[in-house]
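An overview of the molecular structure
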Amino acid sequence: MVEKTPLFKKYPKLTSIPWVSIINSPTPIHKMEQTSKTLKRDIWVKRDDLTHTIYGGNKPRKYEFVFADILKKGKKTIVTLGGIGTNHGLATAVTARDFGLSTHLFVLEQPLSEGVRENLLCHHFFGAKLHLMRNPFHRKLAMKIKLMLDKSSYFITLGASSPLGTLGFVNAAFEIKEQIEKKLIPEPDKLFVTAGSLATCAGLVLGLELAQTKTKVVGIGVTDPSRSSKQKTIELAKKALLIMRNKDASIPNVSEKLENRLVVDHSYFGGKYGASTKEALEAIDLARKDELKLEHTYTGKTLGGLIDYCQKNKVTKNEVVLFWNSKSSADMTPYLNQITYSDLPRKFHKFFDDQIKNEDLF
Ligand SMILES: Cc1ncc(COP(=O)(O)O)c(C=O)c1O
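Quick caveat, the model's predicted, so the values are computed rather than measured. (Residues numbered from 1 in each chain as written. Predicted model: local features only at pLDDT ≥ 70, side-chain atom pairs only at ≥ 80, totals over all residues. Heavy atoms only, no water.)

Moving on, we get to the nonpolar core. Phe67, Leu206, Leu210 and Met244 are the most contacted members of the largest nonpolar core, which totals 87 residues. Setting aside anything within four residues of it in sequence, one finds Leu206 in contact with Val170, Ala237, Ala240, Leu241, Met244, Val254 and Leu258. Formed by 22 residues, the second largest nonpolar core is a distinct cluster that contains Ala283, Ile284, Leu292 and Tyr309. (Core = buried A, V, L, I, M, F, W, Y, C linked by side-chain atoms within 4.5 Å. Buried < 20%, exposed > 50% of the residue type's maximum accessible area, 1.4 Å probe, protein only. Contact = heavy atoms within 4.5 Å.)

Encoded structure:
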């Protein structure tokens, strides 16, 4: 497996970095026929919604490095955080269960949607211990105490966007490079990807620079601009590069070149994390014609940005564009059928108020 991993094929000395196989790769890449027709551009999609059979999306790529570190250190309990509907929390619980580890998920409230509720139920189904926190300060303290008291615990940062997690997306960039070489896609001029906790965007920028493709990256910001800035993305990419160069000094120091390869655009953010926007809803409808299931917090906003760039000619007619589909499309119905909100800790029942009211009627 290691020898087939694009990053290690390119830089064999990096195999001394702990890594464990988690994802189904390479993920498919194909043209979005209907979207291309509508936008009169060549639009392709990287199907990272399919990275994992149970729950895919962008997180499992990061975990190939993060979980390897956990296993190497012999830790047994994961402490991590997010909103009540965190995709990262769910992907962590699924992966932890596979490795016989337990997950403690410290969550804050977020705008409710069907997807948020489903994830919350799945967190519990896949064995995460849920802790509902009042505010970020309270949460930080609670996590610190847990980490202090349980010596077998390991902290995974928000969205697994650590420098190690970022390496998962440097690897992804080399995966695309191989797909270009196999002529599965023309070399993209631009790649549109969601910028949240940033490892996805940072790893791709760094990897595409090292792979010497012409592809520029447009990160569509979906959180407050101060949290997902271009500067923070580049800082994270540089930290990942440092890990790589510490293992293999022949890897070029491309730090200064990253700036020119990246744009981070918050025009489609909608003012609030998780808020739905007109552009995101239109993008979700358009993607449906290509049988892709997007959502309004991440992928809808990102495709919405791509559409707007095409309409404003910021993507020209002869450019090839790649859209990174980072949200799992796995069907969770089989698990959701086995659980109801009343199985959750009591504090979480209020997020299912409608269902509680309906039950009262009978
Ligand atoms: C579905 C989805 N896409 C994209 C992102 C953004 O990726 P990152 O956090 O690495 O910036 C996230 C998480 O924030 C996510 O859950």
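Right, let's get into the site of the ligand. In the vicinity of the ligand there are 15 residues, among which Lys59, Lys62, Ser197, Thr200 and Ser326 approach most closely. The separation between an oxygen atom of the ligand and a polar main-chain atom of Gly196 is 2.8 Å. Computed on the free molecule, the ligand has an accessible area of 380 Å², of which 95% lies beneath the protein chains in the complex. Of all the cavities here, the one that holds the ligand is the largest pocket. Those elements giving two or more residues to the shell around the ligand turn out to be helix H3 (59-72), strand S7 (190-195) and helix H8 (199-210). (Near = heavy atom within 4 Å. Polar contact = N/O pair within 3.5 Å; in protein donor to acceptor, adjacent residues only side chain to side chain. Areas by Shrake-Rupley, 256 points an atom, 1.4 Å probe, with all protein chains shown as cover. 1 Å grid on protein atoms, 1.4 Å probe; cavity = no way out; pocket = protein on both sides within 12 Å on 5 of 7 lines; lining within 4 Å. Sits in = over half its atoms within 2 Å of the grid points. Helix = DSSP H or I, 4+ residues; strand = E, 2+ residues; numbered from the N terminus.)

On the surface, a cluster of nonpolar side chains totalling about 590 Å² of accessible area is made up of Phe137, Leu141, Ile145, Met148 and Leu149. Positionally, Ile145 belongs in helix H6 (residues 136-149). (Patch = residues over 30% accessible without salt bridge, like charges linked within 9 Å, V, L, I, M, F, W, Y side chains within 5 Å. Salt bridge = Lys/Arg side-chain N within 4 Å of Asp/Glu carboxyl O.)

We now examine the pattern of salt bridges. Counted under the stated rule, the structure contains 16 salt bridges. Between Asp42 and Lys31 there is a salt bridge, and its shortest N-O distance comes to 3.1 Å. In this pair, Asp42 is assigned in strand S2 (residues 42-46) and Lys31 in strand S1 (residues 29-31), connecting sequence segments 11 residues apart. Here Asp42 falls in the partly exposed class, since its relative accessible area comes to 21%.

Regular strands show a simple pattern: their side chains alternate between the two faces of the sheet. Of all six residues in strand S8 (residues 216-221), five are buried; the element is thus mostly enclosed. Across six bridges, S7 lies against S8 in parallel orientation. Its bridge partner lying in S8, Val193 is registered against Gly219. With H8 bridging S7 and its parallel neighbour S8, the resulting β-α-β unit is right-handed. Judged from the four bridges that link them, S8 and strand S9 (residues 262-265) form a sheet pairing that is parallel. Counterpart to Val218 in the pairing with S9 is Val263. (Pairing = 2+ DSSP bridges. Right-handed = clockwise from strand over helix to strand, strands pointing away.)

So, on to the packing of aromatic side chains. Summed over the entire model, instances satisfying the criterion amount to 14 aromatic pairs. A ring pair is formed by Phe125 and Tyr335, whose centres lie 5.5 Å apart and whose planes are at 45°; its orientation type is tilted. One end of the pair, Phe125, is in helix H5 (residues 114-125); the other, Tyr335, is in helix H13 (residues 333-336), and 210 residues separate them in sequence. For Phe125, a relative accessible area of 24% translates into the label partly exposed. When the ring of Phe169 is compared with that of Trp324, the centres are 6.2 Å apart and the planes differ by 65°; the resulting orientation is edge-to-face. Here the residue Phe169 occupies a position in helix H7 (residues 163-181), and Trp324 occupies one in strand S10 (residues 320-324), the gap between them amounting to 155 residues. Assessed through its relative accessible area of 0%, Trp324 is described here as buried. Here the aromatic residues Phe8, Trp19 and Phe65 are joined through ring pairs into a cluster of three or more. Taking NZ or CZ as reference, Arg117 lies 5.9 Å from the ring centre of Phe352, over its face. Here Lys314 stacks its cationic end above the ring of Tyr309, 4.3 Å away from the centre of that ring. (Phe/Tyr/Trp six-rings, centres within 6.5 Å; stacked < 30°, edge-to-face > 60°. Lys NZ or Arg CZ within 6 Å of the ring centre and 35° of its normal.)

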